[in-house]
Amino acid sequence: MALRTLSKKPGIGMTSARTRDRMLARLREQGIKDEATLSAIGEIPRHIFVDEALSIRAYEDVSLPIGHGQTISQPYIVARMTEILRNDKPLNKVLEIGTGCGYQTAVLSRVAREVLSVERIRPLLLKARDHLRALKCSNVKLDHADGSKGLEDYAPFDGIIVTAAASHIPQDLLSQLAEGGRMVIPIGTESQTLYLIERLNDEFKKTELEAVKFVPLLGGLS
Ligand code: SAH
């Protein structure tokens, strides 16, 4: 294969649409079925969310460092959480806890009417804002806040996605979930499990999904 120049511009060189197509084929093999999720992932250039030196690895199924001890989630987990949240239906208002570099946020912006995302590390939030602006994700609002308290002013949410692992499900997030709403959240410290929480007739149904590995959900701002 001819060597091409890497570029931060979406859709150029080794980070082209063809590379993304290969990633989509792999996600299908891994069991992702939701076409809306797959097409959102196909639209978002993942390489612009990581440092240039890592962009060659951006389409591999791995998490990668984004600075400040944090990571960008692996494509499979982004796809899986989006698919579970969507449940084959268009999403209205979604809250994401843990913006990081903004990749999952960008994917959500293609499958939800409105996305609110909170991050506790300000420099990451500022970088995410640049990435999301570059991709014209105009239905996204970012906030520098401790996400374990949710975002009371914008509640209720019909989807809540937590992209850092908590020791327990924060009560504020449960109370900000709309009737019929769905939350996906990794729980645990050493070993972690992804859970789906559904709010049905004011009761919360908890379903265990699969083993996962996330950075921890931490309190306070930085
Ligand atoms: N959604 C990201 C994943 C980023 S990693 C992606 O698309 O790849 C998880 C992020 O959660 C980190 O940036 C971390 O700083 C943030 N985080 C951890 N605890 C938090 C909290 N209490 N409130 C908000 N963000 C938090």
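Details of the structure are given in the entry above.
Fair warning: this is a prediction, and the values are worked out from it, not measured in the lab. (Residues numbered from 1 in each chain as written. Predicted model: local features only at pLDDT ≥ 70, side-chain atom pairs only at ≥ 80, totals over all residues. Heavy atoms only, no water.)

S.K.: Please set out the overall build of the protein chain residue by residue, giving values where relevant.
M.R.: Per the secondary structure count, the protein chain includes 6 helices and 9 strands. Whereas a compact globule of 222 residues would reach a radius of gyration of roughly 17 Å, the protein chain reaches 17 Å, a difference of no more than 12%. Along the three orthogonal principal directions, the C-alpha set of the protein chain runs to about 60 × 35 × 35 Å. Of all 222 residues assigned to the protein chain, the portion counted as buried reaches 55%. (Helix = DSSP H or I, 4+ residues; strand = E, 2+ residues; numbered from the N terminus. Rg over C-alpha atoms; globule rule 2.2 N^0.38 Å. Buried < 20%, exposed > 50% of the residue type's maximum accessible area, 1.4 Å probe, protein only.)

S.K.: Kindly report on unusual backbone geometry, identifying the contributing residues and their values.
M.R.: Omega for the bond connecting A155 with P156 falls within 30 degrees of zero, at 5°, which places this linkage in the cis form. Note that P156 resides in the loop between β5 (140-144) and β6 (157-162). Even without being a glycine, N87 presents a positive backbone phi close to 50°. Its identity is not glycine, yet K136 carries a phi of approximately 55°, on the positive side.

S.K.: Please give an account of helix α1 (residues 17-29) that cites residues and values.
M.R.: Counted at 1.5 Å a residue, the expected span for α1 with its 13 residues is 18 Å, and the 18 Å between its end C-alpha atoms agrees. Listing the buried residues of α1 in full gives T19, R20, M23, L24 and L27. End-on, the buried residues of α1 take up no more than an arc of 145°, which puts them together on one face. Turned more than 90 degrees away from the buried face of α1, the exposed residues are R18, R22 and E29. Contacts made by the buried residues of α1 are with α2 (35-43), α3 (75-86) and α4 (103-109). Two residues or fewer after α1 comes G31, characterised by a positive phi angle close to 105°. (Expected span 1.5 Å × (residues − 1). Arc of directions from axis to C-beta. Contact = heavy atoms within 4.5 Å.)

S.K.: Outline the pattern of salt bridges, supporting the account with residue identities and numerical values.
M.R.: Applying the stated criterion across every chain, the model contains 12 salt bridges. Its salt-bridge partner being E60, residue R57 comes within 3.0 Å of it at the nearest N-O pair. A relative accessible area of 35% means that R57 is categorised as partly exposed. Classification of E60 by relative accessible area gives partly exposed; the value is 31%. (Salt bridge = Lys/Arg side-chain N within 4 Å of Asp/Glu carboxyl O.)

S.K.: For the environment of V215, give the residues involved together with the corresponding values.
M.R.: Tracing the chain through its elements places V215 in the segment after β9 (203-212). C-alpha of V215 to C-alpha of R182: the two residues are 33 residues apart in sequence and 22 Å apart in space.

S.K.: Could you give me a rundown of the site of the ligand, with the residues and numbers involved?
M.R.: Around the ligand, a shell composed of 24 residues is seen, among which S73, E119, D146, G147 and L218 lie nearest. Here a nitrogen atom of the ligand and a backbone polar atom of G98 are 2.9 Å apart. When isolated, the ligand has an accessible area of 580 Å², and the protein chains bury 99% of it. Looking at the shell around the ligand, the elements that each hand over two or more residues are β2 (70-72), α4 and β4 (112-119). If one sorts the elements of the shell around the ligand by residue count, β2 sits on top with 3 residues. Partitioning the shell around the ligand into residue classes produces 11 nonpolar, 9 polar and 4 charged. (Near = heavy atom within 4 Å. Polar contact = N/O pair within 3.5 Å; in protein donor to acceptor, adjacent residues only side chain to side chain. Areas by Shrake-Rupley, 256 points an atom, 1.4 Å probe, with all protein chains shown as cover. Nonpolar A, V, L, I, M, F, W, Y, C, P; charged D, E, K, R; others polar.)

S.K.: Talk me through the pairing of β4; I want residue IDs and the actual numbers.
M.R.: Counting buried residues along β4, 7 of its 8 residues qualify, which places the element largely inside the surrounding structure. This β-α-β element, β4 to helix α5 (residues 122-134) to β5, shows right-handed connectivity. (Right-handed = clockwise from strand over helix to strand, strands pointing away.)

S.K.: Report on the sheet that holds strand β3 (residues 91-97), specifying residues and quantitative values.
M.R.: Judged by pairing direction, the sheet is mixed, and its 7 strands sit side by side in the order β5-β4-β3-β6-β7-β8-β9 without closing on themselves. Unpaired on one side and paired on the other, β5 and β9 mark the two borders of the sheet. Going across the sheet, the axis of each strand differs from the next one's by a mean of 15°, ignoring polarity. Here strand β7 (residues 177-188) pairs with strand β8 (residues 192-200) via 7 bridges, running antiparallel. Residue pairing for β8: V184 is matched across the bridge by L196. Lying on the sheet, α3 is in contact with β3, β6, β7, β8 and β9; it crosses β7 at an angle near 155°. Contacting β4 and β5, α5 runs over the sheet at an angle of about 165° to β5. (Pairing = 2+ DSSP bridges. Axes fitted to C-alpha atoms, helices over the stretch in contact; angles between N-to-C directions.)

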